[in-house]
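Descriptive structure summary
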Amino acid sequence: MIRRRLTAFQLFWAGHVVMFPTIVLVLPGDLARLAGRHAWLSPLVAAAPGTAFAWLVGAWAGRRGDLPRAALRGLGPIAGRAVLLVAWAAVGAYLVVIMRETVDLASATFVTQRLPPPLLDAFGLLPATYVAWLGPLTLGRTAIIQGCAGLVAFLAVVALALPASHLIWTRPFLPQSARFARPAPLALVATWFAEPALVGAVLVPWLAPEQRRFAGRALALTVAWAAAITAATLWLIAANVGPALAPVLTDPFATLIRSVRVGTVQNLNAVILPLLIVGSVLKLAAFLFVWARLGAALAGGWPRVILLAGSVATGVLGIALLPTQMAANQVLGPWIAQRALPALAAVLVLVYLAAGRRPRVRRS
């Protein structure tokens, strides 16, 4: 039976994979613009509240049940469904943007000809829907493979980029201002660091019973690890691209990869970017599963029917509402990062505080 359940180790990698594409592709450019030369310090500062939040949510979920069950038990059938409806709508909006970001990354990297948008959407949605259909165990196992491969590739980029780094560009090492600790960059980082807690709060029922007490530690370690990766990425970008150029680049990490040379190999994009695309597909699969579970709690069942309907709706809305990459980027920051994800974080805190006020019902 345990072999059919998630482990805390798999939960760690599932939390990692929902952040990895964002923290290396989306976050560096935004942080460089907001925090300046010492943007690499912002993730380290935001790691403290982000880690504590993930630990609390994981620990609460392990003791009080997953998000839908805790909401209905702690808030009652009416208020609980109202709160779940907010979370369901926020995840749905987030899904549309994730899908567009995944498709745009693939089309800008591998597609040399213009393809119809529905066909591009299908390339991202079909594998993501299939992974979500197979369930959390498949997601956890696949996340381990992609996460370890992505980690090896990331460490390779770090090792190859260090000899070409210009340390003078990162000086002074100690900041002379507190720009990196202003509310805007810290809120941006902390928002993305809330992703593992949301996914973990829904995946808890698939953990083996003896593993649930480690859920908080696994999610907290995921956030701490993500903070270290983000800080290292930003420092490398500043040392190789330059702190003046990084804020004006759309994707500083891709520029960093192109600047790395390994003998006769002059383009590591062919190795790194496919791993990031696979990570984006797994992230899409994780949030599709979360959206389907929340919808099933609202509807009283039919999670796979809701999953299929959500996949189709995500593709249609992505084409209709976000026809271009620029439109997706404009929505990602002001709407998703500043509204949808904070709303989801607030829902988690509200639900588990309410669930903690009621005695837990033991099932025979």
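Residues numbered from 1 in each chain as written. Predicted model: local features only at pLDDT ≥ 70, side-chain atom pairs only at ≥ 80, totals over all residues. Heavy atoms only, no water.

Comments concerning the overall build of the protein
If you tally the helices and strands in the protein, you get 12 helices and 0 strands. For the protein, the α and β elements follow one another from N to C terminus as α-α-α-α-α-α-α-α-α-α-α-α. Of all 364 residues assigned to the protein, the portion counted as buried reaches 54%. Residue pairs in contact within the protein that sit at least 24 positions apart in sequence constitute 85% of those at least 6 positions apart. Entry remark: accessible area of the protein is about 16,400 Å², with carbon and sulfur atoms responsible for 67%. (Helix = DSSP H or I, 4+ residues; strand = E, 2+ residues; numbered from the N terminus. Buried < 20%, exposed > 50% of the residue type's maximum accessible area, 1.4 Å probe, protein only. Contact = heavy atoms within 4.5 Å. Areas by Shrake-Rupley, 256 points an atom, 1.4 Å probe, with all protein chains shown as cover.)

A short note on unusual backbone geometry
Here the phi dihedral of W302 falls at roughly 60°; this positive angle occurs in a residue that is not glycine. Within the secondary structure layout, W302 lies in the loop between α10 (269–299) and α11 (303–321).

Quick word on the environment of A246
Turning to its location among the elements, A246 is positioned in the loop between α8 (215–240) and α9 (252–259). Sequence-wise, A246 and R33 are 213 residues apart; in three dimensions their C-alpha atoms are separated by 7.9 Å. Setting aside chain neighbours within four positions, we find A246 in contact with A32, I237, V241 and P252.

Some points on the packing of helix α1 (residues 8–35) against helix α7 (residues 195–203)
The N-to-C vectors of α1 and α7 enclose an angle of 145°; their axes lie 9 Å apart at closest approach. The handedness of the crossing between α1 and α7 is right-handed. On α7, the residues touching L11, A14, G15, V18, M19 and T22 of α1 are E195, P196, V199, G200 and L203. Of the residues contributing to the contact of α1 with α7, the split by class is 7 nonpolar, 3 polar and 1 charged. (Axes fitted to C-alpha atoms, helices over the stretch in contact; angles between N-to-C directions. Left-handed = near helix turned anticlockwise from the far one by under 90°. Nonpolar A, V, L, I, M, F, W, Y, C, P; charged D, E, K, R; others polar.)

Side note on the pattern of salt bridges
By the definition in use, this model includes 3 salt bridges. Note that D30 and R33 form a salt bridge whose closest N and O atoms lie 2.8 Å from each other. Here the residue D30 and the residue R33 both occupy positions in helix α1, the gap between them amounting to 3 residues, near one helical turn. Note that D66 is salt-bridged to R69, the shortest N-O span being 4.0 Å. (Salt bridge = Lys/Arg side-chain N within 4 Å of Asp/Glu carboxyl O.)

Some details on the side chain of S165
Examined against the element boundaries, S165 turns out to sit in the loop between α5 (136–161) and α6 (183–192). Accessibility expressed as a relative area gives 15% for S165, which makes it buried. A distance of 3.2 Å separates polar atoms of two side chains, one belonging to S165 and the other to N240. Once residues lying within four places of it in the same chain are set aside, the contact partners of S165 are W235, L236, A239 and N240. (Polar contact = N/O pair within 3.5 Å; in protein donor to acceptor, adjacent residues only side chain to side chain.)

Brief notes about the nonpolar core
Nonpolar side chains in soluble globular proteins generally cluster together in the buried interior. L67, V91, F253, L276, F287, L348 and Y352 are the most contacted members of the largest nonpolar core, which totals 119 residues. With near-sequence residues (within four places) excluded, Y352 lies in contact with V57, W60, A61, R64, G65, D66, L67, A70 and A201. (Core = buried A, V, L, I, M, F, W, Y, C linked by side-chain atoms within 4.5 Å.)

Here's the deal with the packing of α8 against α9
Close contact between α8 and α9 brings their axes to 10 Å; oriented N to C, the two are set at 60°. Considering the angle they form, α8 stands oblique to α9. For the element pair α8 and α9, the recorded crossing hand is left-handed. Across the interface between the two elements, T233, L236, I237 and N240 of α8 pack against P252, F253 and L256 of α9. Residues belonging to the contact of α8 with α9 are distributed by class as follows: 5 nonpolar, 2 polar and no charged. (Parallel < 35°, antiparallel > 145°, perpendicular 65-115°, else oblique.)

Quick notes on the environment of A227
With respect to the element layout, A227 can be found in helix α8. A227 gets classed as buried once you look at its relative accessible area, which sits at 1%. Here A227 is in contact with P43, L44, A47 and F193, once residues within four sequence places are set aside.

Topic: the packing of aromatic side chains
Centre-to-centre distance and the angle between the planes together describe a pair of aromatic rings. Taken as a whole and judged by the stated rule, the model has 7 aromatic pairs. Ring centres of W88 and W291 lie 5.0 Å apart, and the angle between their planes is 25°; this geometry places the pair in the stacked category. With W88 in helix α3 (residues 67–109) and W291 in helix α10, this residue pair connects regions lying 203 residues apart in the sequence. We classify W88 as partly exposed; its relative accessible area is 27%. Take W291: its relative accessible area is 11%, and that puts it in the buried class. In this structure an aromatic cluster arises from ring pairing among F9, F12 and W13. (Phe/Tyr/Trp six-rings, centres within 6.5 Å; stacked < 30°, edge-to-face > 60°.)

Let's talk about the environment of G147
Inspection of the secondary structure puts G147 in helix α5. The class for G147 is buried, based on a relative accessible area of 0%. Taking C-alpha positions, G147 is 6.3 Å from V17, a pair spaced 130 residues apart along the chain. If we ignore the near neighbours within four places in the chain, the residues touching G147 are W13 and H16.

Points about the side chain of T22
Here T22 lies in helix α1. Discounting residues that sit within four places of it in the chain, T22 has contacts with L27, P28, W192, E195 and K283.

A few points about a nonpolar patch on the surface
Together, Y130, W133, L134 and L308 make up a nonpolar patch on the protein surface, roughly 390 Å² of accessible area in all. Looking at which element gives the most residues to the nonpolar patch, the answer is helix α4 (residues 117–134), with 3 residues. Residue placement: W133 occurs in helix α4. (Patch = residues over 30% accessible without salt bridge, like charges linked within 9 Å, V, L, I, M, F, W, Y side chains within 5 Å.)

Just distances and angles here, no functional claims.
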